[in-house]
Amino acid sequence: MSSVKMLNQDAEHAKRFVALAMNINAAKGLQEVMKSNLGPKGTLKMLVGGAGDIKLTKDGKTLLHEMQIQNPTAALIARTATAQDDICGDGTTSTVIFIGELLKQAERHLAEGVHPRVICDGFDIAKVEATKFLDNFKIKVGDVDRETLECVSKTALRTKLHEELADHIGNVCVDAVLCINDKEAEVPIDLFMVEIMHMQHKSDLSSRLVRGLVLDHGARHPDMPKTLKNCHVMVLNVDLEYTKSEVSSNFFYSSADQREKLVESERKFTDDKVRQVIEFKREVCGEGESFVLINQKGIDPLSLDMLAKAGILGLRRCKRRNMERLAKSCGAEAMNSTEGLTKACLGWAGSVYEETLGEEKYTFVEDCRNPHSCTILVKGPNKHTIDQIKDAVRDGLRSVKNAIEDDALVPGAGALEVALSLFLKEHSKQVAGRSKLGVQAYAEALLVIPKTLASNAGHDTMDALITVQDEHVKGMIAGLDLSTGGACVPEDIGVYDNLRVKKQMIQSAGVIASQLLLVDEIMRAGIGAGKKG
């Protein structure tokens, strides 16, 4: 009896070569979209939302997140590339382009009748050898100095922002990571300790690092001081207002006199806590010193008035995420009670002041002693400039963090790809059987990165690539100089890539390309598949 294939008649069904062609074309299509964004000379894409909001960007992760990708293969590649960004913070565009080129190179051999499994075996061999080569090729930096970190940060940011702004934000990112990197505690660098706050005014070059915290709210009493110097900072998590009881309860009274006593006792409960804070302020503050109270919970108008009369700046409803940052930046300890307060629980800030921008108020807590938390204040004339800088800042912070944690860097400007390609071509001669075709395809695909860099800078692709390859054959580790189209030494011009970004790209691109090549059937269920039982 012949076998019966149980497949919904409304389903889309592609077999063997058609399925393979669909996957390869999807990868090539996504590659073509992303290609022009690669490198510092890449072009921008304008994304227009459904509500008409505009976003100008060439950040790979932002593009892949915002674009509505319908093709399932292209969506799979996009998810892989964005996962790379989540792990390493960079390399999204490179991964997409590399996967597309791997499938394009494989297509040539498939057209000649080579089985996809043979090419995948070659990819696996190339991937293993590439990882070994990368470990020998990397530059060990040991204790990374500031200049090297600035080079790493600028290399990452120049692919997302114009050069002047990238250099400025690069320095800010290095300062921020060095501020939160507590070498004595020997704990991992926690980028959550860097608050990214934005203010829509002035120019993008006005963005700066605040060695302290910027809160997006101000004092709620007109008589409270707006600017204070030499401040003791107290962080509380206490209700300084009347709150309802957690259990359902009722109070009964039989006369107006009893009601007055009830209201008075309620008020006294809150006032006693405020008085304890005011008494504590009088104990600790010497001449020329001031007192700031930052509370995570509420402060009612009567309590605010008492604090204002005592010359205390009181901020209420501070965001929970900022409580830990305040403790790290100014050294304050979050207190859950106003009983038994000591000077050890207070933090210190050289200056606390309020800035008003339109209807928004911002409170700056600056000049802290030995802060391990800070704020990057992003400024710009319009919303899309601010969004573009905020996306870039995250990548800049990750690149600096990666460089410190890896203790190693890789020469940039396409130097790794050219060197690795030449190495794999030589290695393929030692590989027995048809698997060498996969190794050769992998080696050829690597060259798409320097080719695209040259193309986006307006240089002749083949001339630039041959010039760089010739230098490598002579024994020099050379990259592509985008201003001249010739060869250069990446270390001399300060162009470095993160080791983990390149390692992740080599791993993930090879795996995804192999999986897509081994797909021999695509089935998409019909719309009515579930209804026609």
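Shown above is the structure to which this text applies.
All of these numbers come straight from a predicted model, not from anything done at the bench.

Cut-offs and rules
Residues numbered from 1 in each chain as written. Predicted model: local features only at pLDDT ≥ 70, side-chain atom pairs only at ≥ 80, totals over all residues. Heavy atoms only, no water. Helix = DSSP H or I, 4+ residues; strand = E, 2+ residues; numbered from the N terminus. Buried < 20%, exposed > 50% of the residue type's maximum accessible area, 1.4 Å probe, protein only. Areas by Shrake-Rupley, 256 points an atom, 1.4 Å probe, with all protein chains shown as cover. Lys, Arg positive; Asp, Glu negative; His and termini not counted. Charge placed at Lys NZ, Arg CZ, Asp CG, Glu CD. Salt bridge = Lys/Arg side-chain N within 4 Å of Asp/Glu carboxyl O. Phe/Tyr/Trp six-rings, centres within 6.5 Å; stacked < 30°, edge-to-face > 60°. Lys NZ or Arg CZ within 6 Å of the ring centre and 35° of its normal. Core = buried A, V, L, I, M, F, W, Y, C linked by side-chain atoms within 4.5 Å. Contact = heavy atoms within 4.5 Å. Pairing = 2+ DSSP bridges. Axes fitted to C-alpha atoms, helices over the stretch in contact; angles between N-to-C directions. Patch = residues over 30% accessible without salt bridge, like charges linked within 9 Å, V, L, I, M, F, W, Y side chains within 5 Å. Parallel < 35°, antiparallel > 145°, perpendicular 65-115°, else oblique. Left-handed = near helix turned anticlockwise from the far one by under 90°. Nonpolar A, V, L, I, M, F, W, Y, C, P; charged D, E, K, R; others polar. Polar contact = N/O pair within 3.5 Å; in protein donor to acceptor, adjacent residues only side chain to side chain.

## Here's the deal with the overall build of the chain
Within the chain, the regular secondary structure consists of 17 helices and 18 strands. By principal-axis analysis of the C-alpha atoms, the chain measures approximately 100 × 70 × 40 Å. Taken over 533 residues, the chain has a buried fraction of 52%. Element-wise, carbon and sulfur atoms account for 50% of the exposed surface of the chain, whose accessible area totals about 25,600 Å². Considering the chain, the positive charge centre built from 68 side chains and the negative charge centre built from 75 side chains are found 4 Å apart.

## Section: the pattern of salt bridges
Taken as a whole and judged by the stated rule, the model has 32 salt bridges. One salt bridge connects Lys28 with Glu107, and the closest N-O pair in it is separated by 3.0 Å. Of this pair, Lys28 sits in helix 1 (residues 16-35) while Glu107 sits in helix 4 (residues 92-111), and the two are 79 residues apart along the sequence. Taking the shortest distance from any N to any O, the salt bridge between Asp85 and Lys61 comes out at 3.9 Å. With a gap of 24 residues between them, Asp85 in helix 3 (residues 72-88) and Lys61 in helix 2 (residues 60-66) connect regions that are remote in the sequence. For Asp85, a relative accessible area of 6% puts it in the buried group. Here Lys61 falls in the partly exposed class, since its relative accessible area comes to 22%.

## What to know about the packing of aromatic side chains
One pass over the structure, following the stated rule, counts six aromatic pairs. For the ring pair Phe98 and Tyr442, a centre distance of 5.4 Å and an interplane angle of 85 degrees mean the geometry is edge-to-face. Here Phe98, found in helix 4, pairs with Tyr442, found in helix 13 (residues 435-446); they are 344 residues apart in sequence, far enough to count as distant. Both rings, one in Phe133 and one in Phe137, keep their centres 5.4 Å apart while their planes meet at 20 degrees; by these two values the pair is stacked. Of this pair, Phe133 and Phe137 both sit in helix 5 (residues 116-137), four residues apart, which is roughly one turn of that helix. Of the two residues examined, Phe133 and Phe137, each falls in the buried class. Here a set of aromatic residues connected by ring pairs shows up, and it is made of Phe98, Phe123 and Tyr442. Note that Arg325 overlies the ring of Phe192, its terminal NZ or CZ placed 4.4 Å from the centroid. The ring of Trp348 carries Arg369 above its face, with NZ or CZ at 4.4 Å from the centroid.

## Details of the nonpolar core
Counting residues in hydrophobic clusters, the biggest one holds 50 residues, and the most contacted among them are Phe123, Tyr442 and Leu517. When residues of this core are assigned to their parent elements, the largest contribution, nine residues, is made by helix 5. Filtering out sequence-adjacent residues up to four positions away, Leu517 remains in contact with Leu20, Leu103, Ala106, Leu110, Pro116, Ile119, Cys120 and Phe123. Core analysis: the next-biggest nonpolar cluster, separate from the first, contains 43 residues, Ala219, Val238, Leu293 and Val352 among them.

## A few points about the side chain of Thr82
Structurally, Thr82 can be placed in helix 3. Looking at Thr82, the relative accessible area reads 9%, which means it is buried. For Thr82, the contacting residues outside a window of four places in its chain are Lys61, Leu64, His65 and Thr92.

## Concerning the sheet that holds strand 13 (residues 374-379)
Taken together, three strands build an open sheet; the order of strands is 5-13-6 and the sheet is mixed. The open sheet has two edge strands, strand 5 (194-199) and strand 6 (208-210), and neither has a second partner. Taking the axes of each pair of neighbouring strands and ignoring which way they run, one obtains an average angle of 30 degrees across the sheet. Where strand 5 lies against strand 13, six bridges are found, and the strand directions are parallel. Note that in strand 13 the partner of Glu195 across the bridge is Thr375.

## Remarks on the environment of Ala75
By the element assignment, Ala75 lies in helix 3. Residue Ala75 is classed as buried on the basis of its relative accessible area of 17%. For the pair Ala75 and Glu354, spaced 279 residues apart in sequence, the C-alpha to C-alpha distance is 46 Å.

## Brief notes about a nonpolar patch on the surface
Residues Met46, Val48 and Ile54 make up a contiguous nonpolar surface patch of about 300 Å² in total accessible area. Its place among the elements puts Val48 in strand 2 (residues 45-48). Its relative accessible area of 56% is what places Val48 among the exposed residues.

## Notes on the pairing of strand 10 (residues 312-315)
Residues Ile312 and Gly314 of strand 10 are buried on one face, and the alternating residues Leu313 and Leu315, pointing to the opposite face, are buried as well. As paired strands, strand 9 (residues 290-295) and strand 10 are joined by four bridges and run parallel to one another. Counterpart to Phe291 in the pairing with strand 10 is Ile312.

## Some thoughts on the packing of helix 4 against helix 17 (residues 499-517)
Two elements in contact, helix 4 and helix 17, have axes whose closest approach is 9 Å; the angle formed by their N-to-C orientations is 40 degrees. Comparing the axis directions of helix 4 and helix 17 gives the class oblique. For the element pair helix 4 and helix 17, the recorded crossing hand is right-handed. Contacts from Ser94, Thr95, Phe98, Ile99, Leu102, Leu103, Ala106 and Leu110 of helix 4 reach helix 17 at Met505, Ser508, Ala509, Gly510, Ile512, Ala513, Leu516 and Leu517. Class assignment for the residues of the contact of helix 4 with helix 17 results in twelve nonpolar, four polar and no charged.

## Some remarks on the side chain of Glu366
Within the fold, Glu366 resides in strand 12 (residues 360-368). There is a polar contact of 2.4 Å between the side chain of Glu366 and the side chain of Tyr353. Beyond its immediate sequence surroundings of up to four residues, Glu366 is in contact with Arg208, Val210, Arg211, Ala349, Gly350, Ser351 and Tyr353.

## Some details on the environment of Leu482
Within the secondary structure layout, Leu482 lies in the loop between strand 15 (479-480) and strand 16 (487-488). Measuring from C-alpha to C-alpha, the distance between Leu482 and Ala454 comes to 6.6 Å, with 28 residues separating the pair along the chain.

## Some remarks on unusual backbone geometry
Positive phi values are uncommon outside glycine, yet Asn230 reaches one of about 50 degrees. Position of Asn230 relative to the elements: it lies in strand 8 (residues 227-236). Residue classification places Asn230 among the partly exposed positions, given a relative accessible area of 33%. Positive phi is not limited to glycine here, since Ala413 has a value of about 60 degrees. In this fold, Ala413 is placed in the loop between strand 14 (408-411) and helix 12 (415-428).

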